[in-house]
Structure formats: structure tokens, C-alpha cells
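So the chains spell out like this:
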Amino acid sequence: MEYNLLSSLFFFATPLFLLFVARIYSTPVNKNLPPGPRPWPIIGNMHQMAKNPHLVAAKLAKKYGSLISLRLGTRLLVVASSPEAAKEILKTQDRHLSGRSIPDAFQQSFIDYYFVWARDCNEHWKSCRTLCRAELFLAKSIDAQSNLRNEKLAHLLDFLNKTQGKVVKIEELVFTTLINTLSNILFSKDFLDLEDDETAHRLKSGLLKILENTVTPNVSDFFPILGGLDLQGLRKDSLNHLEELASFSDAIVKERRARITKNVVVEDHEKDFLDRLLENNFTTAQINILVTELFIAGVDTVVTTIEWAMAELLKNQNIMHKVADELKRELNFNTIMTSDLSKLTYFNACIKETLRLHPVVPVLIPRRAVEPCEVMNYTIPQNAQVWVNVWAISHDPTVWEDPNTFKPERFLGSKIDFAGHDYEFIPFGGGRRMCPGLPSAVKSLQTMLASLILGYDWTLPNDGDPAKLDMTEKFGITLQKAKPLELIFNRREKWLN
Ligand code: HEM
């Protein structure tokens, strides 16, 4: 991919350079942009941001301040790296900065149907948001989903009981469980089978490829004038993956439409999300895109967070014991799936600390200035891309004491929460584009982690030493564990003692 990028640049460098020079002499320079490193001709600061941009931007913030500007080709990028700058973006200027900058790879014919990537808060975005909130994420909807959630979790636990003593990749099992939970909430149907690696693998690699294409350096993003040429083939590749993912839902939508045509009566309490979308006149294409985006936004984020939480608990055995003690004290195994897990203070502090130390979306999904505005007394021009570097804020020693250590205690007796109002802790973002799936994500994190902690002893393969667990991160739209966590589960028989 990097080779592709360099060769494309070589062929287009000369005419672009001339364009660039002409531009410099013809357009007035905006003097009030946030400070930042001097851009190179043509490429700007692209070379600096090619690898681990969240770390590079955090470093640059130390030198230039908490709001910096960078040039990526002809595009202006503004990056915020402090709670104050985040607050101005997500609260004070939320309306002006509520657009999204759609990666060129996703400039497809159905661009007007996007939800997560919606260019601005248009009518379609509003109806997606309203319907998702009402049908999927309100407390009463989360309660109504609990039987389904528990059923899928029970399948995971059965599978672990059967595979006791064998090495399993935790992300694969959690992935299948979450896909089936979501596909049942949306369509009343399982998409995957825990025993069938192949379909799970196909779906997972499609989702991951789409996530990867959003962050792959793309010459068309840096020089939008080249967009139509799709020099790196990313538009085509993304379209193939989006179409493949849509094929999982397409047949179900057609079947359901046929059922409606035959006037089959379905009681209101039996209706699922698909029924609600059809009642609201969503077209098949709109449904396919929305569902694909929900899978993209809602599965990998939770899987990755569970994996990081488990890795941290393994590494910090004293914390693991404290959590297990709290769970045993407060819960009864038979009621684990119906208990109100939000009352467990230490357990929930561990979830928060995981999201702080390993913010799964390290840079909020890029925003776009729909209108020019002022942030921290600097001008953000229209169409500038705006990043909020959650990773930088979460690891800033002036914001968090001992920021690189996993210390759930920091959240005990603290009112800091991830609901989008405490700008030092915004793993789910804030403002009108904040993650609507937060309640569902928290519920999944709580039920899965509690069941795995209470039900099983976890050991590393080959008697690996948990203290030496490799915690290297891999940058992407989600911040993954570079080396997937492999574990051996053994059922705990005596946890009630
Ligand atoms: C640990 C789990 C999760 C994390 C950390 C997370 C984080 C985020 C973040 C940071 C954003 C961008 C917010 C912003 O721009 O301010 C976002 C957007 C979004 N998330 Fe989540 N998310 C999680 C789980 C979920 C789940 C389970 C769903 C749904 C099933 C979901 C659906 C969405 C959607 C639809 C958007 C786009 C909202 C919009 O643009 O209006 N997320 N998420």
C-alpha cells in the first residue's frame, strides 16, 4: 500500500507542484490558523503523519500547543489534544464542527445514505439517529434485549466449557457472540456459528478491511482533485467489501418485504429493528448501508475493549483478584445475567480504566468544519478536517497522574464518566455526533467480562508469564492489540465459596 502511494505521488508530483505554487501566489494565507510544523511543498506534513499519527500528533502538541494545524497535501488538518480544546470542538462549536470528513475510499454512489460517515447532520442522519436511539439504545430497549444477549452469551460459555484446556483466540469468540447478538436484535437471526470459523473469518476480514481502508494513506484524500481516478484502487476495494457485507442482510430484507406483501400479521412486541426500518420507509439500499455501518461501529470496538480489559486483568493479578472478589460478593452466579452490574464500583472502574488507557477509537472519527469557526482563538476554515486526539488526552501526565499505569482506583470516588461531558475522558466522543451505542456497548462489556471472570480461570498457553504479556498497540480507526490474546479457559467450580 505504501509503495502504491509513493509511485502515485511520483507520477503526479510535478503537475501538483506547479498547482501548489500557483495556489500559494493566488490565495491569501490565513494568518490565524493554529500553529504547527512547517509543511513541505506539495506533500505538506504527510511524511510526518504516515505512521502512528495519534502518537506523532501528541508529540507535536507538546511543541506547538494543544491545537495544531497540519497540511496533508492540499487538505488542512486541525488536531486537538487537550480537554479544553476538545470541549471547544465538541461543545462550544459542536454545530459548526459536526460534519464528517468522508475518506475518498467511501465516496460511493450511496454516500447520501451514510449514518456514521454522514457528511453533515442531514435529514437521513437524523432519522437513523432517532430510530436507533428509540429502538436499540434507550434503557427500555436495552432491557428488552437482555434475553437475547444472555442467550448468545450462554452459547459462548457453553463453547468455552467444551473447549476447556484448549487454546482459544478470545477476540474470535467475542466477535461471533457480538455479531449474533446484534444480528438478532436487528433481524431476529444468527449470522454466525461459533463452530464455523470460515464464515466468521470472511465477515470479520470484510469489516476489518473496511476499517483499514478508512486510515490507509490515500493520495485522493490528500489531493481531492485526483479522487475520480482512484489511483490506489481503494474506492473499488471498499465497494467490494461493502457489497459483500450487504449480502448478509440483503436476502433477509427481501424475504421480510415478501412477508409484508403477503400481509402476514406480526404482533407489535414481536417486531425487530428491520420491521421498524420498513415501517419508516427505508429502502433496501438504505437498510443495507445502515446495518453494515452498525456492524462496523458496534462490534470491533467492543471486541477490542474486552480484549484489552482481559489483557490488563491478566497482567495485573492483584486487580483481577479484587474484581473477582467484588463480583463474588455482590452477585450470585444464577443471577449474573439479570443483575444490575452498574452497581459494582471496582468492576466498572476497571472498564473505565481500560477505555482510558486503551481508547479503542484513539482519534474521534474525523469531523469536518461545515462552517468556519473559532477554536481556542484560532480560525478553523470551512471544510478543514478536525481530529480530537483522545489517546493524547488519556495519556497526558498533566491531566492524569501516572497515565501509563493501569490503575482503576483513580475512578473510585470520582464523578468522571464517559458520557461526553468530562472532556478529559471521552472514549465515546461528545456532542451531536457522540457514539449513540454507548449503553449497548457498556452492557456487552459488563455482561461478557463478568461472566468470563467469574466462570473461568484464564491461563496463557505454554505457561506464559502474564506479567510479560505483549501490550503493543496497532493503530487504526480502532486501536487493536497487535498480538491477539490467546488463552486457555478452565471452568471455576468453587467461585461461590
Ligand atoms: C467500546 C465500544 C465503543 C466505543 C469506544 C465507541 C466509540 C465511538 C466514537 C469515539 C464515535 C465517534 C464520536 C464522535 O465523533 O464524537 C462513535 C460513533 C458511533 N458509534 Fe460507537 N463506540 C462503541 C460502540 C458502539 C456500538 C455498540 C454501536 C452500535 C451498535 C456504536 C455505534 C456508533 C455509531 C452509529 C456512531 C456514529 C454516530 C454519528 O456519527 O452520529 N458504537 N463511537
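Residues numbered from 1 in each chain as written. Predicted model: local features only at pLDDT ≥ 70, side-chain atom pairs only at ≥ 80, totals over all residues.

Looking up the chain in an unreviewed UniProt entry gives the name Cytochrome P450, with the organism given as Ambrosia artemisiifolia.

### As for the nonpolar core
Nonpolar side chains in soluble globular proteins generally cluster together in the buried interior. One finds A86, I89, I306 and V388 to be the most contacted residues of the largest nonpolar core, which totals 127 residues. Residue contributions to this core peak at 10 residues, all from helix 7 (residues 170-187). Beyond its immediate stretch of four places on either side in the chain, I89 contacts A80, L97, V375, V386 and V388. (Core = buried A, V, L, I, M, F, W, Y, C linked by C-beta atoms within 7 Å. Buried ≥ 20, exposed ≤ 12 C-beta atoms within 10 Å, placed from the backbone. Helix = DSSP H or I, 4+ residues; strand = E, 2+ residues; numbered from the N terminus. Contact = placed C-beta atoms within 7 Å.)

### Observations regarding the sheet that holds strand 5 (residues 367-368)
An order of 1-2-8-5-3 is seen for the 5 strands of this open sheet, with the pairing classed as mixed. Of all strands in the sheet, those bounded by a partner on one side alone are strand 1 (67-72) and strand 3 (99-100). Note that strand 3 and strand 5 share 2 bridges and pair antiparallel. Considered in strand 5, the bridge of G99 is made with R368. Where helix 3 (residues 83-92) meets the sheet, its contacts fall on strand 1, strand 2 (75-80) and strand 8 (385-388), and the angle it forms with strand 8 comes to roughly 130°. (Pairing = 2+ DSSP bridges. Axes fitted to C-alpha atoms, helices over the stretch in contact; angles between N-to-C directions.)

### Notes on the environment of V302
Relative to the helices and strands, V302 resides in helix 13 (residues 300-315). Taking the C-alpha atoms as reference points, V302 and S444, separated by 142 residues in sequence, lie 7.5 Å from one another. Discounting chain neighbours no more than four positions away, the residues touching V302 are L178, A441, S444 and L445.

### Quick look at the site of the ligand
Neighbouring residues of the ligand: 24 residues in total, closest G298, T301, G429, C435 and G437. Mapped onto the shell around the ligand, the elements with two or more residues apiece are helix 12 (284-298), helix 13 and helix 17 (438-455). Its residues assigned to classes, the shell around the ligand shows 15 nonpolar, 7 polar and 2 charged. (Near = placed C-beta within 6 Å. Nonpolar A, V, L, I, M, F, W, Y, C, P; charged D, E, K, R; others polar.)

### Topic: the packing of helix 13 against helix 15 (residues 345-357)
It is at 9 Å that the axes of helix 13 and helix 15 come closest, and there the two elements cross at 110°. Relative to helix 15, the element helix 13 lies roughly perpendicular. Facing helix 13, whose interface residues are T305, W308, A309, E312 and L313, helix 15 presents C350, I351, T354 and L355. The class makeup of the residues in the contact of helix 13 with helix 15 is 6 nonpolar, 2 polar and 1 charged. (Parallel < 35°, antiparallel > 145°, perpendicular 65-115°, else oblique.)

### Points about the UniProt feature "binding site: heme" (unreviewed entry) in the chain
Per the UniProt record, "binding site: heme" (unreviewed entry) is annotated on C435. If sequence neighbours within four positions are ignored, C435 has contacts with F428 and G429. (UniProt positions renumbered as here; feature names shortened; annotations may be inferred.)

### Focus on unusual backbone geometry
Glycine aside, the phi torsion of most residues is negative, and most peptide linkages are trans. Despite not being glycine, S188 has its phi angle at roughly 60°, a positive value. Following the sequence through the fold, S188 ends up in the loop between helix 7 and helix 8 (197-215).

### Notes on the environment of T92
Residue placement: T92 occurs in helix 3. When the 15 C-beta atoms within 10 Å are taken as the criterion, T92 is described as partly exposed. Taking C-alpha positions, T92 is 39 Å from G233, a pair spaced 141 residues apart along the chain.

### Structural notes on the sheet that holds strand 12 (residues 486-491)
The 3 strands lie next to each other as 4-12-9, forming an open sheet whose pairing is antiparallel. The open sheet is flanked by strand 4 (167-169) and strand 9 (456-459), the only strands paired with a single partner. With direction set aside, neighbouring strand axes in the sheet form an average angle of 45°. The pairing of strand 9 with strand 12 spans 4 bridges and is antiparallel. Looking at strand 12, one finds that D457 is bridged to N490. Lying on the sheet, helix 7 is in contact with strand 4 and strand 12; it crosses strand 4 at an angle near 55°.

### Side note on helix 6 (residues 146-162)
An ideal rise of 1.5 Å per residue puts 24 Å on 17 residues; helix 6 measures up with 24 Å between its terminal C-alpha atoms. Among all positions of helix 6, only R149, K152, L153, L156 and L160 are buried. Looking straight down helix 6, one finds that the buried residues subtend no more than 100° of arc, so they occupy a single side. In helix 6, the exposed positions that point more than 90 degrees away from the buried face belong to N147, D158 and K162. Check the buried side of helix 6 and you find it contacts helix 7, helix 17, strand 9 and strand 12. (Expected span 1.5 Å × (residues − 1). Arc of directions from axis to C-beta.)

### Some points on the environment of T214
Along the chain, T214 falls in helix 8. Here T214 falls in the buried class, since 20 other C-beta atoms lie within 10 Å of it. Apart from the residues within four sequence positions on either side, T214 is in contact with P103, A105 and I477.

### So, the packing of helix 13 against helix 17
It is the contact of helix 13 with helix 17, at a shortest axis distance of 10 Å, that shows an interaxial angle of 40°. One element, helix 13, and the other, helix 17, form an angle in the oblique class. Seen along the crossing, helix 13 lies across helix 17 with a hand that is right-handed. For the pair formed by helix 13 and helix 17, the contact residues are T301, V302, T305, I306 and A309 on the first element and A441, S444, L445, M448 and L449 on the second. Grouping the constituent residues of the contact of helix 13 with helix 17 by class yields 7 nonpolar, 3 polar and no charged. (Left-handed = near helix turned anticlockwise from the far one by under 90°.)

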